Amino acid sequence: MSTPDTANDRKIVTFSLAKQIFGIDMSALIEIREWDEPTPLPNVPSFIKGVTNLRGNVIPVVGLAERLGWEPSQLHARSCILVVNIMGKQAGFLVDEVNDIVGINVGEIQPAPAVETTLEESVIAGLVRIATRAKDGTRDENGSMVLLLDLNALSLTKHLDLAA
């Protein structure tokens with residue numbers, strides 16, 4: 001993998017969810033917060049865990065695993081909320097663990113395979129292989145496959161309006 005120094009490079013935040021590694025564009029990330037139980041809301045989809053206060057703004061907290069159609073995440077010490085900007089609206093995503101911030105070359109992104117999903121449209125913008133760091137500090141250049149999320153395709157805007 002190349003080092004991030006050309007116009008085609010960008011940074012992504014990688015995180016774990018149900019033993020898979022996902023990534024989102026760093027430019028969408030507002031902050032990473034420790035898990036704090038949100039205030040529940042009535043009559044919202046089950047993947048909306050509730051709302052929380054972010055510096056005076058009420059934002060919805062989404063169980064990302066549930067939104068993807070998986071079993072809910074099991075809360076533990078490394079569970080956290082990724083606060084992101086989606087089309088001008090803020091939302092928090094419950095993830096199992098934040099892994100790293102890495103540079104990727106846009107040219108190395110592979111398209112998501114065309115498979116039928118139960119979601120309205122594919123929420124995977126593409127896949128990219130990244131080098132991974134071992135606990136001893138060495139790098140495995142074969143690395144891991146990262147599923148890049150298309151935040152806009154998560155179709156949260158109407159749900160965010162309900163929750164916020």
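Quick note: structure is the one above.
The rules behind each value
- Residues numbered from 1 in each chain as written.
- Predicted model: local features only at pLDDT ≥ 70, side-chain atom pairs only at ≥ 80, totals over all residues.
- Heavy atoms only, no water.
- Salt bridge = Lys/Arg side-chain N within 4 Å of Asp/Glu carboxyl O.
- Helix = DSSP H or I, 4+ residues; strand = E, 2+ residues; numbered from the N terminus.
- Buried < 20%, exposed > 50% of the residue type's maximum accessible area, 1.4 Å probe, protein only.
- Core = buried A, V, L, I, M, F, W, Y, C linked by side-chain atoms within 4.5 Å.
- Contact = heavy atoms within 4.5 Å.

A.B. asks: Please explain the pattern of salt bridges as it appears in this structure.
C.D. replies: Working definition: two side chains of opposite charge can pair if their charged atoms are close together. Under the definition given, this model contains five salt bridges. Taking the shortest distance from any N to any O, the salt bridge between Glu31 and Arg55 comes out at 2.6 Å. Here Glu31 is found in strand β3 (residues 29-34), whereas its partner Arg55 is found in the loop between β4 (48-54) and β5 (57-63), with 24 residues between them in sequence. Residue Arg55 is classed as exposed on the basis of its relative accessible area of 65%. We note a salt bridge from Glu66 to Lys49, for which the minimum N-O separation is 2.3 Å. Residue Glu66 is located in helix α1 (residues 64-67), and its partner Lys49 is located in strand β4; the two are separated by 17 residues in the primary sequence. Looking at Lys49, the relative accessible area reads 26%, which means it is partly exposed.

A.B. asks: What is the right way to read the nonpolar core from this model?
C.D. replies: Among the nonpolar cores identified, the biggest contains 29 residues, and Ile24, Leu64 and Phe93 are the most heavily contacted of them. Elements supplying a minimum of two residues to this core: β1 (9-17), β2 (20-25), α1, β6 (80-86), β7 (89-95) and β10 (139-149). The biggest single contributor to this core is β6, with four residues. Here Ile24 is in contact with Lys11, Ile12, Val13, Phe15, Leu29, Leu82, Val84, Leu149 and Leu151, once residues within four sequence places are set aside. In this structure, Ile12, Val102, Ile130 and Leu148 belong to the second largest nonpolar core, which totals seven residues.

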